[in-house]
Amino acid sequence: MNNEFAKDVEKGLGDKQKHISPKFFYDKNGSKLFEEICNQPEYYLNRIESLILKRSVDEIMNILGEKELSIIELGNGNSLKTRILLQPFLANLKKVCYFPIDVSLKMLKISIKDLSKEYVNLEIFGICSDYISGLMKMNDFMKLKNSIPKNKLIMFLGSSIGNFDPKEAKNFLYFLKRYIRQEDALLIGIDLEKDKTILDKAYNDKKGITAKFNLNILARINRELDGEFKLPCFEHKSFYNIHKHRIEMHLVSKQDQEIRVGAIEKSFHFKKGETIHTENSYKYSQNNLNELVESAGLEVIQSFTDPRKQYTLILLKKVSGTAKS
Ligand code: AVJ
């Protein structure tokens, strides 16, 4: 992990437009800051998603119509939203197995411990891994154990798919498709394109938590890779790029400076005003979303959206009759 971080930083800070992958935001500090972001009034995403989930869980259950179900969740974080689903599923189905897949072992352990206390009849199989190898492990495991429900619901919530550019998102959905059968389903949370002012505010909260979250990635380089970033010499910047349909987050160098990163034995030069691009968060119009789903060979069985059409949850299945891939 550390090593992967070092490689990403070395490559990213060496490129002309400097960049670091957003997956490195989530060390212990960053995960806490992200939870705090979700509590900010401007950051509507998780709040609206939870409301939609609450309102639609019965319908989702009806559509799936299974008696036994394996729920696979990609990047479960603290499983807060998952509880909204687990509760009614457990109350109505004969058997529910839950497979959280997350790269953070700590978060995974905490949520498994809490969930198994709360729901005694829930079988939990945590997988500490990235999504791709996590899904492969889950698949192998299911083949070995007959007692695990074959019917699957794979969930990818929180608009995390927004971190992928549209082509990557398509490839990712296409990849997910390999892990579901005709009768299985995917549940994906997607942030919808909206007024730029609302989007800009969501990523520039008044209390400055998003700024802290962004700057924490430099603090993490200092902590883990022996970096010498001075945080006050960088500034958080994020804005909605209308043409590219995405929020861009950057860290702007406030002055000309030379920064050494000990673990990779390199120094990097920053001009005043130069930025490190730390995140993209894509927003979808209904049209672009339909196109994405269709291009991956999937179809929307039902979508659940708030009245102001800010956010949507889509339940997807394989297009019937598609050849195996
Ligand atoms: C976790 C990727 C969905 O893009 O809104 C929040 C991360 N970055 N504020 C998002 C994030 C800045 C978040 N995702």
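Residues numbered from 1 in each chain as written. Predicted model: local features only at pLDDT ≥ 70, side-chain atom pairs only at ≥ 80, totals over all residues. Heavy atoms only, no water.

Enquirer: Go over the nonpolar core, please, and point to the residues and values.
Expert: Formed by 66 residues in total, the largest nonpolar core has its most connected members in Phe89, Leu187, Leu218, Ile221, Phe229 and Phe234. No other element matches helix α3 (residues 45–64), which puts 8 residues into this core. Excluding anything up to four places from it in sequence, Ile221 contacts Phe5, Val9, Ile20, Asp226, Gly227, Phe229 and Val261. Of all hydrophobic cores here, the second largest spans 34 residues; its members include Ile148, Phe175, Leu176 and Tyr284. (Core = buried A, V, L, I, M, F, W, Y, C linked by side-chain atoms within 4.5 Å. Buried < 20%, exposed > 50% of the residue type's maximum accessible area, 1.4 Å probe, protein only. Helix = DSSP H or I, 4+ residues; strand = E, 2+ residues; numbered from the N terminus. Contact = heavy atoms within 4.5 Å.)

Enquirer: Quick one: what's the story with the pattern of salt bridges, residue by residue and with numbers?
Expert: In the structure shown here, the tally under the stated rule is 15 salt bridges. Arg83 is the partner of Glu118 in a salt bridge, and the nearest nitrogen-oxygen pair spans 2.7 Å. Of this pair, Glu118 sits in helix α5 (residues 105–118) while Arg83 is found in helix α4 (residues 80–92), placing the two residues 35 residues apart along the sequence. Of the residues examined, Glu118 reaches a relative accessible area of 43% and is grouped as partly exposed. Arg83 sits in the buried class, given a relative accessible area of 18%. Residues joined by salt bridges that share partners form a network here, namely Arg181, Glu183 and Asp184. (Salt bridge = Lys/Arg side-chain N within 4 Å of Asp/Glu carboxyl O.)

Enquirer: Mind laying out the site of the ligand, listing which residues take part and the relevant values?
Expert: Around the ligand, 14 residues are found, and the nearest of them are Tyr43, Gly158, Tyr203, Glu279 and Ser281. Tyr43 places a side-chain nitrogen or oxygen 2.5 Å from an oxygen atom of the ligand. Glu279 places a side-chain nitrogen or oxygen 2.6 Å from a nitrogen atom of the ligand. Burial of the ligand by the protein chains amounts to 97% of its free accessible area of 350 Å². Put simply, the parts of the chain that give the shell around the ligand at least two residues each are α2 (28–38), α9 (209–225) and β12 (275–282). (Near = heavy atom within 4 Å. Polar contact = N/O pair within 3.5 Å; in protein donor to acceptor, adjacent residues only side chain to side chain. Areas by Shrake-Rupley, 256 points an atom, 1.4 Å probe, with all protein chains shown as cover.)

Enquirer: Pulling in residues and values, what's your account of the sheet that holds strand β8 (residues 234–241)?
Expert: Ordered by their spatial adjacency, 4 strands build an open sheet running β1-β12-β9-β8, and the pairing between neighbours is mixed. Edge positions in the sheet fall to β1 (18–19) and β8, since each of these pairs with one other strand and no more. Across 2 bridges, the pairing between β1 and β12 is parallel. Note on β12: the bridge partner recorded for His19 is His277. Across the sheet, α9 is in contact with β8, β9 (246–253) and β12; its angle to β9 comes to roughly 60°. (Pairing = 2+ DSSP bridges. Axes fitted to C-alpha atoms, helices over the stretch in contact; angles between N-to-C directions.)

Enquirer: Could you give an account of the pairing of β12, naming the residues involved and the relevant values?
Expert: Counting buried residues along β12, 8 of its 8 residues qualify, which places the element largely inside the surrounding structure. Of the strand pairs in this sheet, β9 and β12 are connected by 7 bridges, and their pairing is antiparallel. Bridge pairing in β12 places Met249 opposite Glu279.

Enquirer: Describe unusual backbone geometry, and please don't skip the residues or the numbers.
Expert: Of note in this structure, Glu265 is not a glycine but carries a positive phi near 50°. Glu265 sits in the exposed class, given a relative accessible area of 64%.

Enquirer: Before we move on, can you summarise the packing of aromatic side chains with the specific residues and values?
Expert: What the rule picks out here adds up to 20 aromatic pairs. Ring geometry for Phe125 against Phe141: centres 5.1 Å apart, planes inclined by 55°, an arrangement best described as tilted. On the criterion of sequence distance, the pair formed by Phe125 in the loop between β4 (123–124) and β5 (127–128) and Phe141 in helix α6 (residues 131–144) is long-range, its members being 16 residues apart. Measuring from centroid to centroid gives 5.2 Å for Phe175 and Tyr179, while their planes differ by 55°, and the two rings are tilted. Look at Phe175 and you get buried, because its relative accessible area is 12%. Accessibility expressed as a relative area gives 6% for Tyr179, which makes it buried. Here the aromatic cluster, defined as three or more aromatic residues joined through ring pairs, consists of Phe25, Tyr26, Phe34, Tyr43, Tyr203 and Phe213. Across from the ring centre of Phe270, 4.9 Å away, lies the NZ or CZ of Lys18, which sits over that ring. Sitting over the ring of Phe5, Arg220 keeps its end group 4.6 Å from the ring centre. (Phe/Tyr/Trp six-rings, centres within 6.5 Å; stacked < 30°, edge-to-face > 60°. Lys NZ or Arg CZ within 6 Å of the ring centre and 35° of its normal.)

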